[in-house]
Amino acid sequence: MPFCKVADPQANTEGASVNATEIFYRTYGRGTTKVLLIIGLAGTHDSWGPQIKGLTGSNRPNHDDKLTVVDQNSGEECDSEMGGGIEVCAFDNRGMGRSSVPTKKSQYTTKIMAKDAIAVMDHLGWQKAHVFGHSMGAMIACKLAAMVPDRILSLALLNVTGGGFECFPKLDRQTVSIAIRFLKAKTPEQRAAVDLDTHYTKEYLEEYVGSKTRRSILYQEYVKGISSTGMQSNYGFEGQINACWTHKITRREIEVIRSAGFLVSVIHGRYDIIAQLYYARRLAEKLQPVARMIDLHGGHLVSHERTEEVNQGLHDLIKASESKISPHDWTNLPQKNSAVSSCWCWSMHEGLKGV
């Protein structure tokens, strides 16, 4: 099985790691273009299925997950039979799926999980990659980009927030009810039912596909998927919640990402009840001029609800990055002069607190 071992940040007096966390991953497709996918809270690598197929042409994992890649800077050609020469890696975050489940909440932060992602890249021999993250995975991707900007070719942030209080859904009767159901869900059936209301718009779930509603079709798929991987453990759930709650991107990290030279896409569902659109747009504005904002008619799992549009956005980002499009030609955000932008971005709605 394809696992990458990551040394525990806690070490003994001799400097050796006390434990090693194992990160389960899969690779798909072949090619010199590398894409790293980072999933969100309580999700597994399989959650990227529509994007994996859209990028590589197939959901079939590579048989040999090690040594199947060639350094994209080496000039050597790879087998590019699928997806026009794109190779994708998706993995289970610590605390979920087949990856290790550390028992201490302190072992789950977006910085630690970004180091997991770096370890996966190192394990595969990837010097650089396009990094796409969803929800908590987008928070991890932000942290990763700030830590190793020289290894990022582009950055896509799907349904992202700035962490902390920004992770709180908009409080109304519907979201409070969903939150209570989520916390009480103890079986795959209960979890699948609440996940549907969390991930998609009601309009999408009520659409008919043949003689069945999309809700009934997706419900069966979710129950099967959750049953195959098992319910997330309390350690994993509480740890990943801790990672979201303690996540913070500083002014310095924003500036590192802005000045690194790679392009950014912020993609969001307008009716996301978990990660509010306002916070995603504010992050995109702080990343001017390198960021483009794409808001779609969808919910939190807009990557599934609006697969075609999201995949097109990801392809556009890769193509723009490879063709060296300038940030000012890439962004679709209102242009502001530097003095006004600097003041407005960091002061509006929060005084001069920063992020």
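In this report, we go over the structure that sits alongside the text. (Residues numbered from 1 in each chain as written. Predicted model: local features only at pLDDT ≥ 70, side-chain atom pairs only at ≥ 80, totals over all residues. Heavy atoms only, no water.)

### Details of the environment of L144
Looking at the secondary structure, you find L144 in helix α3 (residues 136-147). The sequence separation of L144 and V131 amounts to 13 residues, and the corresponding C-alpha distance is 8.8 Å. In contact with L144, not counting residues within four places along its chain, are L36, I38, A114, A117, I118, V131 and I152. (Helix = DSSP H or I, 4+ residues; strand = E, 2+ residues; numbered from the N terminus. Contact = heavy atoms within 4.5 Å.)

### Remarks on the packing of aromatic side chains
If you walk through the whole model with that rule in mind, you get seven aromatic pairs. Note on Y200 and Y204: the rings are 5.4 Å apart at their centroids and 25 degrees apart in plane angle, and the pair reads as stacked. Residue Y204 is classed as buried on the basis of its relative accessible area, which comes to 10%. With a centroid separation of 5.2 Å and 65 degrees between ring planes, the pair formed by Y278 and Y279 is classed as edge-to-face. A relative accessible area of 15% means that Y279 is categorised as buried. Each member of the aromatic cluster is reached from another via a ring pair, and the members are F165, Y278 and Y279. (Phe/Tyr/Trp six-rings, centres within 6.5 Å; stacked < 30°, edge-to-face > 60°. Buried < 20%, exposed > 50% of the residue type's maximum accessible area, 1.4 Å probe, protein only.)

### Side note on unusual backbone geometry
Phi is mostly negative for residues that are not glycine, and the peptide bonds are mostly trans. Cis geometry marks the peptide bond from Q288 to P289, where omega comes out at 5 degrees. By secondary structure assignment, the location of P289 is in the loop between α10 (277-286) and β10 (291-296). Positive phi values are uncommon outside glycine, yet A42 reaches one of about 65 degrees. As for its placement among the helices and strands, A42 is situated in the loop between β3 (33-38) and α1 (49-56). Unlike most non-glycine residues, K324 shows phi in positive territory, near 60 degrees. Residue K324 is classed as exposed on the basis of its relative accessible area, which comes to 71%.

### Quick notes on the pairing of strand β1 (residues 3-7)
Side chains of β1 alternate between two faces, with C4 and V6 buried and F3, K5 and A7 left unburied. Across five bridges, the pairing between β1 and strand β2 (residues 20-28) is antiparallel. Bridged to V6 within β2 is T21. (Pairing = 2+ DSSP bridges.)

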